[in-house]
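Architecture and fold: a report
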Amino acid sequence: MPSTQTQIAGFSFDNCLMNAAGVHCMTIAELDEVKGSAAGTFVTKTATLEARAGNPEPRYQDVPLGSINSMGLPNQGLDYYLDYLLDLQEKEPNRTFFLSLVGMSPEDTHTILHKVEESGFKGLTELNLSCPNVPGKPQIAYDFETTERILTEVFAYFKKPLGIKLPPYFDIVHFDQAAAIFNQFPLRFVNCINSIGNGLYIEDETVVIRPKNGFGGIGGQYVKPTALANVHAFYQRLKPEIQIIGTGGVLTGRDAFEHILCGASMVQVGTTLHKEGVAAFERITKELEEIMVAKGYQNLDDFRGKLGYIG
Ligand code: SIN
């Protein structure tokens, strides 16, 4: 059997598949389910300093080619996830997990990151710079000046392995500008992509989610080409110490294969996990292994980043 084992920031994972933040990770029960599945690890729901109820329901809708959501960062608050992870570290010291977080203001973000830095947490931290769903709060990573300022401030005190969750970019110049900023910092990974922000899905004559009159982040099949483009654009531009996590449109082993071909070291599953449950990890892994067998690949290094071009 080929190996789908991978590494991020020097930590090893038995499988390159995991959940995407926001899906199946709000509660300890959900996180335990992902942990007990074929997934290599999990990431928590993005934690804010205090627990949040999020936007009014209905706020997530599966649709035929994907999903639309405007959750608004509902979560149990940093302490809930951090306490769970610290406990897990004692019980399963050989596994590594991801903590996703962001503040509702830059001050909150620093308070949260200081807390994580001062805690005994030994895992990976993902700073979410890309939530499109909090009314009045733009996606941070679309503002390059603010992004650079936050990263400068954060890396002055945060010494644990840190990555960022990015929104999709759509212009080559923006890939260049964003990469030039990220390359200045000791980031360990970037995660491409969060949902494509502020789409609209309509049934008959009406939107399908309540917040923001139906505007919400789009995931699933709709977003795979954009996700692959972002994974590959950053794989080409970032220094090798900054690894890529690929997220967006992973329904099958073939989709995971394409993310890795574009440069991803880890692949996250969001909409498909929501639709299918944690059994999706075993199915997608098996499909990925079958492709690797058919192509004679033993491990992910055999094809990671080796996307072919024409001419
Ligand atoms: C949400 O809670 O609104 C989704 C999280 C995200 O897109 O970052």
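Residues numbered from 1 in each chain as written. Predicted model: local features only at pLDDT ≥ 70, side-chain atom pairs only at ≥ 80, totals over all residues. Heavy atoms only, no water.

Right, let's get into the overall build of the chain. In terms of helices and strands, the chain carries nine helices and 15 strands. Judged by the C-alpha coordinates and their principal axes, the chain covers about 50 × 50 × 40 Å. Looking at the 311 residues of the chain, the share that counts as buried comes to 57%. Looking at the chain as shown, the accessible area adds up to about 12900 Å², and 52% of this sits on carbon and sulfur atoms. Distance between charge centres in the chain, computed from 26 positive and 36 negative side chains, equals 2 Å. (Helix = DSSP H or I, 4+ residues; strand = E, 2+ residues; numbered from the N terminus. Buried < 20%, exposed > 50% of the residue type's maximum accessible area, 1.4 Å probe, protein only. Areas by Shrake-Rupley, 256 points an atom, 1.4 Å probe, with all protein chains shown as cover. Lys, Arg positive; Asp, Glu negative; His and termini not counted. Charge placed at Lys NZ, Arg CZ, Asp CG, Glu CD.)

Once that is clear, we can look at the sheet that holds strand E4 (residues 60-63). Taken in spatial order, the four strands of this open sheet run E4-E5-E13-E10, and their pairing is antiparallel. If you trace the sheet from one side to the other, it starts and ends with E4 and strand E10 (196-200), each paired once. Here the strands of the sheet are splayed against their neighbours by 35 degrees on average, with no regard to which way each runs. Of the pairings in the sheet, the one linking E4 to strand E5 (residues 66-69) comprises four bridges and is antiparallel in character. By the bridge assignment for E5, Tyr-60 is matched with Asn-69. (Pairing = 2+ DSSP bridges. Axes fitted to C-alpha atoms, helices over the stretch in contact; angles between N-to-C directions.)

Working definition: an aromatic ring pair is given by the centre-to-centre distance plus the angle between the planes. The final tally for this structure, using the stated rule, is 14 aromatic pairs. Taking the centre distance of 5.0 Å and the plane angle of 80 degrees together, the rings of Tyr-80 and Tyr-81 count as edge-to-face. A relative accessible area of 27% means that Tyr-80 is categorised as partly exposed. Using a relative accessible area of 0% as the deciding quantity, one classes Tyr-81 as buried. An angle of 45 degrees between the planes, with centres 5.9 Å apart, marks the rings of Phe-182 and Phe-234 as tilted. Note that Phe-182 is positioned in helix H5 (residues 172-182) and Phe-234 in helix H6 (residues 224-237), a separation of 52 residues in sequence. For Phe-182, a relative accessible area of 0% gives the class buried. Through successive ring pairs, a cluster of aromatic residues spans Tyr-142, Phe-144, Tyr-169, Phe-175, Phe-182 and Phe-234. (Phe/Tyr/Trp six-rings, centres within 6.5 Å; stacked < 30°, edge-to-face > 60°.)

These figures capture arrangement, not role.
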